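Spelled out, the chains give:
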Amino acid sequence: MGLTKLALKIAAPAPKIESFSRYLFIGPHPDDIEIGCGATVAKLAREGKQITFLILTDGRYGDGFSGGIKGDELVALRKQESLASAERLGVSDVRFLDLCDGGFYDYEDMKKGIAVTVGECRPDLIFAPDPNTGRECHIDHLNAGRVASHVAYLAPYPGIMERAGASAADVKGIAYYMTAKPNRYVRVTKEMFELQNEALFGCHVSQFPEGYTETKQLQMYLKLRSADFGLRNMCAHAEGFRVLGPAHMHCTPEVV
């Protein structure tokens, strides 16, 4: 580890995820929050934290396993699945931007929608997919992570937020899920891990029908990821995130 990186780690450590009270979880599609951090959501909800889900796109093109349901009918179904899944995890505040799946939207519309939600919810910490893994190829995931990063940093500035039609908010950090370089972990119990699986595979049935190869593959991936992160933290299950605080978001490229 280089001297600059070590100094930053000591002087400005990454924020501790569980130290906050209000959280905004941003999902590019109706099932991504559950895949990336469903067990963490379950834990925070049980601790009585304020949690909001913001789902950016309508998921209309995720119709590979939907039994022939397409278009607006699939959009309505996926919204119902999202609400049921969030409820299973203990979350009641679920919001939808209803942008078109597959990148068919204006980038600024996504930015404004996230900014307005941040101004209304005033989260301490924002969760979003990591746009800098080097492997992610889905435009909605990349856009979600990038826009969330921009808003997280600029949220405390009233003049900038006003131009987006939003109120300022004292956001204290961003936590990237689906990341290859976690620097913070959340220990979860077996029950919370099982809740994640119930919310994902029991509610998002249009995307993960029982018995399909892709469903089995994702189930195995989540099991291995949870065990891997758990081993790093001397527990059975955990989820990992790349967390940045305000000091890490600007002019400090050495931060992981």
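Structure report, in brief. Note that this is a predicted model, so its numbers are computed, not measured.

### Regarding the sheet that holds strand β7 (residues 237-244)
Thought 1: Read from one edge to the other, the open sheet built from seven strands follows the order β3-β2-β1-β4-β5-β7-β6, with strand pairing classed as mixed. Pairing within the sheet leaves two strands with one partner each, and these edge strands are β3 (93-99) and β6 (184-188). Ignoring strand direction, the axes of neighbouring strands in this sheet form an average angle of 25 degrees.
Thought 2: Each of β1 (22-27), β2 (50-57), β3 and β4 (125-129) is contacted by helix α4 (residues 107-121), which is oriented at about 165 degrees to β3, the strand it contacts most.

### Re the packing of aromatic side chains
Thought 1: A complete count under the given rule lists nine aromatic pairs for this structure.
Thought 2: With 5.3 Å between their ring centres and 85 degrees between their planes, F127 and F241 make a pair best called edge-to-face. A residue pair is termed long-range when its members are at least 10 positions apart, and F127 in strand β4 and F241 in strand β7 qualify at 114 residues.
Thought 3: What makes F127 buried here is its relative accessible area of 0%.

### Focus on the pattern of salt bridges
Thought 1: Counted according to the given criterion, the structure contains 16 salt bridges.
Thought 2: With a shortest N-O distance of 3.0 Å, D58 and R60 are connected by a salt bridge.
Thought 3: Two residues, K79 and D98, come together in a salt bridge whose shortest N-O distance is 3.2 Å. Separated by 19 residues along the polypeptide, K79 in helix α3 (residues 71-89) and D98 in strand β3 bring together distant segments of the chain.
Thought 4: On the accessibility criterion, D98 (43% relative accessible area) is partly exposed.

### Remarks on α4
Thought 1: Between the first and last C-alpha of α4 there are 21 Å, a value that for 15 residues agrees with the 21 Å anticipated at 1.5 Å per step.
Thought 2: Among the structural elements, β1, β2, β3, β4, α5 (139-154) and α6 (158-163) are those in contact with the buried residues of α4.
Thought 3: The backbone nitrogen of E108 lies 2.7 Å from a side-chain oxygen of the residue at the head of α4, namely D106.
Thought 4: Trailing α4 by a residue or two, R122 shows a phi angle of about 50 degrees, which is positive.

### Some points on unusual backbone geometry
Thought 1: With phi around 50 degrees, R122 is a residue other than glycine that occupies positive phi space.
Thought 2: Summarising the element assignment, R122 is placed in the loop between α4 and β4.
Thought 3: Positive phi is not limited to glycine here, since C251 has a value of about 65 degrees.
Thought 4: With respect to the helices, strands and loops of the structure, C251 is situated in the segment after β7.

### Considerations on the environment of A84
Thought 1: For A84, the location among the structural elements is in helix α3.
Thought 2: Residue A84 is classed as partly exposed on the basis of its relative accessible area, which comes to 33%.
Thought 3: Spatially, the C-alpha atom of A84 lies 17 Å from that of F193, the residues being 109 residues apart in sequence.

The rules behind these values
Residues numbered from 1 in each chain as written. Predicted model: local features only at pLDDT ≥ 70, side-chain atom pairs only at ≥ 80, totals over all residues. Heavy atoms only, no water. Pairing = 2+ DSSP bridges. Helix = DSSP H or I, 4+ residues; strand = E, 2+ residues; numbered from the N terminus. Axes fitted to C-alpha atoms, helices over the stretch in contact; angles between N-to-C directions. Contact = heavy atoms within 4.5 Å. Phe/Tyr/Trp six-rings, centres within 6.5 Å; stacked < 30°, edge-to-face > 60°. Buried < 20%, exposed > 50% of the residue type's maximum accessible area, 1.4 Å probe, protein only. Salt bridge = Lys/Arg side-chain N within 4 Å of Asp/Glu carboxyl O. Expected span 1.5 Å × (residues − 1). Polar contact = N/O pair within 3.5 Å; in protein donor to acceptor, adjacent residues only side chain to side chain.

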